[in-house]
Number of protein chains: 2
Amino acid sequence: MRLSGGVESALHCCVALTAADGPVPAARLAELHGVSATYLAKQLQALSRAGLMHSVQGKSGGYVLTRPPAEITVLDVVEAIEGPRPTFVCTEIRQRGPLAASPDACTTPCVIARTMTAADRAWRAALREVSIADLRTAVGEEHDADALPRIGDWLRAPLP
Amino acid sequence: MRLSGGVESALHCCVALTAADGPVPAARLAELHGVSATYLAKQLQALSRAGLMHSVQGKSGGYVLTRPPAEITVLDVVEAIEGPRPTFVCTEIRQRGPLAASPDACTTPCVIARTMTAADRAWRAALREVSIADLRTAVGEEHDADALPRIGDWLRAPLP
DNA sequence: TAATACTCGGATAGATATTGTCCGAATCAA
DNA sequence: TTGATTCGGACAATATCTATCCGAGTATTA
C-alpha cells in the first residue's frame, strides 16, 4: 500500500500558497519545489476539481486557496489526489466456494472488512486532525522567521 | 492508495487454517474460497517467507500456522503481503528549488512527513489490535455453531 | 477595440507495480 | 525404488501511476 507521490507535492503547494496573497501559476510552484511542472499541473487540477483551490486563467492567473488554511485538512488534500476509492474492498469471499455462507447471514460486513475499515478510519482521523494552517505554523517555527515571507515574495516576483 | 487484493484472501486462509489441525495444500484453500489457485499460492509463499506459516512438501503436505492464532496479528499478515515499504516516502522537497532549506536545518523529518507517518502509525496500531484468533471468534459467533468445524472437516477430507 | 501573451484543462504516451500463470525442484507416502 | 503430490521461483498480461503534449479560454496591453 503506497501513497501516490503527488500527495507530497500537493501539500507543499498548499503551504506555499498560504504565503502568497495572489494567484500563483502552476509552473512557478513547480520551479519553487523543483518538481516536474507538467505533472504538478495534474495534481493542481485535482485539487481544483475537489474545490480546495480556485483557478484563475489569463495573464496574471494561477491558483488560489478557496478556504482559509485552517479549514483545509491534510485529509482533504489526500482524498483529492488519491480519489474517493477506499483502501480496502471486500469481495465477499465468505459467499464463495463450496461452503459459501448464505446471503441471509451476510447482511453486515464480515469481521475482516470491519477490521480493515476501522484501521482506515483511524488513518483518516489522524489526517483530519491536521490542517494546512498547522503545517504552515510548524514550518514557520522550524525555519528562520523570514523563510515563509521570502517564499511569498519569490512567488509574487515577476520572472526574470 | 489501495491495499493489495491478496490481503483479503490471505486473512481468510489464516482463519480457515485455525479450523484445520494438519497441513492444507494451497489448491484446497483456493477451492474453499473460490479464488485463483495459482495466484493464492503467491500470497501463501509470502506468508511462509514472513514466518507466519510453515510449508510441508510432499504427498500430504500443505501449509500450517507456525504460531498460535492469538499471536498472529492482522498487521503481521498485511505486512507480509504488502512488503515492508512505508505508505509515504518523503522526497525532501524542502531541500530542492531556488529557496531550498539548508541541510543543517533538515536533521529531523519535515512536518508533512511527520503527519503522514503519524497517520500510518495509527493505521498499523489498529491492525495490530486484532489477532487471527479474534477473527476466528467473531466468525464463529456470526454463523452457525458448526460452520467452523465443517470447514475443518472439509479441509481434512480427501479430494473426491 | 483588437491583438497578444499567458493561463488552465483534458487528451495522449511511457514507466512502474500489481495481478495472474506456468513449469521445474524437492519431498513424503506407498 | 517408485511415483504422485507439494511448494518455490521464474515468466507474461494487465492495471495503475507518472510524465508529457497541445488546444481552449481569459485578462492584459497597446
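Read on for a plain summary of the structure. (Residues numbered from 1 in each chain as written. Chains lettered and ligands numbered in written order. Predicted model: local features only at pLDDT ≥ 70, side-chain atom pairs only at ≥ 80, totals over all residues. Heavy atoms only, no water.)

Our focus in this paragraph is the protein's contact with DNA strand C. The environment of DNA strand C is formed by 25 residues, the closest being Arg49(A), Ser55(A), Tyr63(A), Ser4(B) and Arg85(B). When the atoms of DNA strand C within 4 Å of the protein are sorted by group, sugar and phosphate make up 75%. A distance of 2.8 Å separates a phosphate oxygen of DNA strand C from a polar atom in the side chain of Tyr63(A). If you list the elements that add at least two residues to the surface near DNA strand C, you get helix H3 (37-49) and strand E2 (62-65) of chain A together with helix H3 (37-49) of chain B. Among the residues making up the surface near DNA strand C, the classes are represented as four nonpolar, 13 polar and eight charged. (Near = heavy atom within 4 Å. Polar contact = N/O pair within 3.5 Å; in protein donor to acceptor, adjacent residues only side chain to side chain. Helix = DSSP H or I, 4+ residues; strand = E, 2+ residues; numbered from the N terminus. Nonpolar A, V, L, I, M, F, W, Y, C, P; charged D, E, K, R; others polar.)

This part covers the protein's contact with DNA strand D. Around DNA strand D, a shell composed of 25 residues is seen, among which Ser4(A), Ser36(A), Arg49(B), Ser55(B) and Tyr63(B) lie nearest. Put simply, 70% of the atoms of DNA strand D that lie within 4 Å of the protein are in sugar or phosphate. Between DNA strand D and Gly5(A) there is a distance of 3.0 Å, counted from a phosphate oxygen to a backbone nitrogen or oxygen. The contact in question runs from a sugar or linking oxygen of DNA strand D to an N or O atom on the backbone of Lys59(B), over 3.4 Å.

A few words now on the pairing of strand E1 (residues 53-56) of chain B. All names here are of chain B. Relative to strand E2 (residues 62-65), E1 runs antiparallel, the two being bridged by four bridges. Paired with Val 56 across the two strands is Gly 62, which belongs to E2. Where E1 hands over to E2, the hairpin turn is made up of five residues, of which Gly 58 adopts a positive phi near 95 degrees. (Pairing = 2+ DSSP bridges.)

Taken together, the 52 residues of chain A in the interface contact 52 residues of chain B. Carbon and sulfur atoms supply 69% of the area buried between chain A and chain B, which totals about 4700 Å² over both sides. Remark: the boundary between chain A and chain B carries two salt bridges. Residue Arg114(B) is joined to Glu142(A) by a salt bridge in which the shortest nitrogen-to-oxygen separation is 2.7 Å. Put simply, chain A and chain B have 10 residue pairs in polar contact (both at pLDDT 80 or more) between them. For the side of chain A that touches chain B, the elements supplying multiple residues, two or more each, are helix H1 (6-19), helix H2 (26-33), helix H4 (74-82), helix H5 (111-128), helix H6 (132-142) and helix H7 (147-156) of chain A. Ranked by residues supplied to the side of chain A that touches chain B, first place goes to H5(A) with 11 residues. Grouping the amino acids of the side of chain A that touches chain B by side-chain chemistry returns 31 nonpolar, nine polar and 12 charged. (Contact = heavy atoms within 4.5 Å. Buried area = accessible area lost by both parts, 1.4 Å probe. Salt bridge = Lys/Arg side-chain N within 4 Å of Asp/Glu carboxyl O.)

Between chain A and chain B, which share one sequence, the superposing operator has a rotation angle of 180 degrees and an axial displacement of 0.0 Å; the RMSD is 0.0 Å. Here the copies are linked by what is in effect a two-fold axis. Proximity to the rotation axis, assessed at the C-alpha, singles out Trp123(A) in chain A; its C-alpha lies 2.5 Å from the axis. A shared binding surface is used by both copies, with 100% of the interface residues of chain A retained as interface residues in chain B. (Least-squares fit on C-alpha atoms with pLDDT ≥ 70 in both.)

The next thing to look at is the environment of Pro149(A). Assignment of secondary structure puts Pro149(A) in helix H7. The spatial distance from the C-alpha of Pro149(A) to the C-alpha of Ser4(A) is 29 Å, given a sequence separation of 145 residues.

Residue and element names in this part refer to chain B. Packing of helix H1 (residues 6-19) against helix H2 (residues 26-33) leaves a shortest axis separation of 11 Å and a crossing angle of 105 degrees. The angle between H1 and H2 places the two elements in the roughly perpendicular class. Touching His 12, Cys 13, Ala 16 and Leu 17 of H1 are Leu 29, Leu 32 and His 33, all from H2. (Axes fitted to C-alpha atoms, helices over the stretch in contact; angles between N-to-C directions. Parallel < 35°, antiparallel > 145°, perpendicular 65-115°, else oblique.)

Read these as spatial facts, not as claims about activity.
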